Amino acid sequence: MPEHTHVLFVEDDDVIREATQLALERDGFAVTAMPDGLSGLAAFRADRPDIALLDVMVPGLDGVSLCRRIRDESTVPVIMLSARADSIDVVLGLEAGADDYVTKPFDGAVLVARIRAVLRRFGHAGHPAGARTDASAATDGVLTFGELEVDTDGMEVRRAGEPVALTPTEMRLLLEFSGAPGTVLSRDKLLERVWDYGWGGDTRVVDVHVQRLRQKIGQDRIETVRGFGYKLRG
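Residues numbered from 1 in each chain as written. Predicted model: local features only at pLDDT ≥ 70, side-chain atom pairs only at ≥ 80, totals over all residues. Heavy atoms only, no water.

Turning next to the overall build of the chain. Along its length, the chain carries eight helices and twelve strands. Taking all 234 residues of the chain together, 47% fall into the buried category. Looking at the chain alone, contacts between residues at least 24 apart form 60% of all its contacts between residues at least 6 apart. Surface exposure of the chain reaches about 10700 Å², of which carbon and sulfur atoms provide 50%. (Helix = DSSP H or I, 4+ residues; strand = E, 2+ residues; numbered from the N terminus. Buried < 20%, exposed > 50% of the residue type's maximum accessible area, 1.4 Å probe, protein only. Contact = heavy atoms within 4.5 Å. Areas by Shrake-Rupley, 256 points an atom, 1.4 Å probe, with all protein chains shown as cover.)

Written as structure tokens, this is what we have:
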């Protein structure tokens, strides 16, 4: 992670915003903290931060809508902050394009660890650890699965000859699947490989990202194996 990584932090609670900003700055981050969604969007467009932390419930433009606006313009990583782990807002945030979420109240060290984990995988969106490729299906780093082509060297995806725009997290997820076509990958394994979780995380993160990926590469391309996980159809 580069020094002085720029974090956009949008949070309407003054105490949480100030305390979190100080904690992040102590860990070497440069932080722009905003109290509402509209000022957060303006700061994003002006500063182009390296990562955005968005509270779900902020005034003016809520966090989910702000995430969607950011995702329309950029693939910058987004972490949503939600007050309840079982909130529908978590799923809505992930569906809007967020890469991860953290439940409030959160420990500062945990938040920093999650930020660094997201930044690591965004900085290394190439071949995932442990990924395998079938030489018979690959030509110059291009894997072909029906009408789907995955260029593992150029980090490009085409479907029926048309380019497919993926976020870095979606790309890493697809690389895991394409590196082991026909192999069932469990949600826990995907959390470990794609989200860099060395411990059990919320599998909703995986499920929502798989659904987003299906919408882009074809609903039937990734198969659900009930009780086990997902696999890519060769």
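The structure having been displayed, the exposition proceeds.
The next thing to look at is helix α8 (residues 204-217). End to end, α8 covers 20 Å across 14 residues, agreeing with the expected 20 Å (1.5 Å per residue, within 8%). Within the sequence span of α8, burial applies to V205, V206, V208, H209, V210, R212, L213, R214 and I217. Note on α8: the residue one or two positions beyond its end, G218, has a positive phi of about 120°. (Expected span 1.5 Å × (residues − 1).)

Let us now look at the pattern of salt bridges. In total, this model carries 16 salt bridges according to the counting rule given. The salt bridge partner of E11 is K104, with a shortest N-O separation of 2.9 Å. Of the two residues, E11 is situated in the loop between β1 (6-10) and α1 (14-26) and K104 in the loop between β5 (100-103) and α5 (108-123); the sequence distance between them amounts to 93 residues. We note that E11, like K104, is buried. Notably, a salt bridge pairs D100 with R114, separated by 3.3 Å at the nearest N-O pair. Here D100, found in strand β5, pairs with R114, found in helix α5; they are 14 residues apart in sequence, far enough to count as distant. Under the relative-accessibility criterion, D100 is labelled buried at 1%. (Salt bridge = Lys/Arg side-chain N within 4 Å of Asp/Glu carboxyl O.)

Core analysis: the largest hydrophobic core is formed by 50 residues, its most contacted members being L54, M80, V150 and F177. If you tally residues by element for this core, the top one is α8, at six residues. (Core = buried A, V, L, I, M, F, W, Y, C linked by side-chain atoms within 4.5 Å.)

The next point concerns the sheet that holds β5. If you walk across this open sheet you meet the five strands as β2-β1-β3-β4-β5, and the pairing is parallel. In the strand order of this sheet, the two ends are held by β2 (30-34) and β5, each with one partner. Geometrically, the sheet is characterised by an average inter-axis angle of 20° between neighbouring strands, direction not taken into account. (Pairing = 2+ DSSP bridges. Axes fitted to C-alpha atoms, helices over the stretch in contact; angles between N-to-C directions.)

In this section: the pairing of strand β9 (residues 156-159). When strand β8 (residues 148-151) meets β9, the two strands line up antiparallel, connected through four bridges. The partner of E149 across the bridge, within β9, is R158. Connecting the antiparallel pair β9 and strand β10 (residues 162-163) is a turn made up of two residues, with A160 showing a positive phi of about 55°.

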